[in-house]
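# Structural description and commentary
As a plain string of letters, each chain reads:
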Amino acid sequence: MTKILTGGVGKAEVTDTVKKLGLDGIEIVASNDMDAAMKLRGGQADYYLGTCHTGAGASLGVLVGLLGKPTCHTFGRSVPTEDEVKALLSEGKKVFGFAIDQIDVIAPLMARAIAARG
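Quick look at the structure, then. Quantities reported herein were computed from a predicted structural model and do not represent experimental measurements.

## Here we look at the environment of Gly55
For Gly55, the location among the structural elements is in the loop between β3 (47-52) and α3 (61-67). The sequence separation of Gly55 and Gly8 amounts to 47 residues, and the corresponding C-alpha distance is 9.6 Å. Those residues in contact with Gly55 that lie beyond four places of it in its chain are Thr74, Phe75, Gly76, Gly97, Phe98 and Ala99.

Structure, rendered in structure tokens:
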């Protein structure tokens, strides 16, 4: 089972959006940045999806500081393609930030790509 944690201002919406997809092998739980960082470090979670108004700052600040920039990626205001998401996952990225007004597009895209890695 792959565990995804959510955080930021849109964490409940991201959690609900992904749960509605009904993807096999995915568990998604609303969290916060500090708890998520500790769980990712300790192997108790696999990925983090963080949201803020711009997708670039508050969504990932603590996680970048505690886990390091190589593990994290922010989409900011851009919407990635499926290929871009797959490439980032293949590079070992586990922490992603995006803007709350793009949850309906990016959260399902991320969840499906993570589930496909199974």
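## What about the sheet that holds strand β2 (residues 26-30)?
Adjacent strands of a sheet form backbone hydrogen bonds with each other and so pair up, either parallel or antiparallel. Spatially, β2-β1-β3-β5-β4 is the arrangement adopted by the five strands of the open sheet, whose pairing is parallel. The two strands at the open ends of the sheet, each matched to only one other strand, are β2 and β4 (72-74). Here the strands of the sheet are splayed against their neighbours by 20° on average, with no regard to which way each runs. One ladder, built from five bridges, connects strand β1 (residues 2-8) with β2; its direction is parallel. Considered in β2, the bridge of Thr6 is made with Ala30. Its contacts with the sheet put helix α1 (residues 11-21) on β1, β2, β3 and β5 (95-99), and the angle it makes with β2 is roughly 160°. The sheet contacts of helix α2 (residues 33-41) involve β1, β3 and β5, and relative to β3 the element is tilted by about 160°.

## Description of the packing of helix α4 (residues 82-90) against helix α5 (residues 103-117)
Contact geometry of α4 with α5 gives a least axis separation of 10 Å together with a crossing angle of 50°. Put simply, α4 runs oblique to α5. Considering only the axes of α4 and α5, their crossing is right-handed. Seen from α4, the contacting residues are Glu82, Val85, Leu89 and Ser90; seen from α5, they are Leu109, Met110, Ala113, Ile114 and Arg117. Residue classes in the contact of α4 with α5 are distributed as six nonpolar, one polar and two charged.

What counts and how
Residues numbered from 1 in each chain as written. Predicted model: local features only at pLDDT ≥ 70, side-chain atom pairs only at ≥ 80, totals over all residues. Heavy atoms only, no water. Helix = DSSP H or I, 4+ residues; strand = E, 2+ residues; numbered from the N terminus. Contact = heavy atoms within 4.5 Å. Pairing = 2+ DSSP bridges. Axes fitted to C-alpha atoms, helices over the stretch in contact; angles between N-to-C directions. Parallel < 35°, antiparallel > 145°, perpendicular 65-115°, else oblique. Left-handed = near helix turned anticlockwise from the far one by under 90°. Nonpolar A, V, L, I, M, F, W, Y, C, P; charged D, E, K, R; others polar.

Keep in mind that these numbers describe shape and distance, not what the molecule does.
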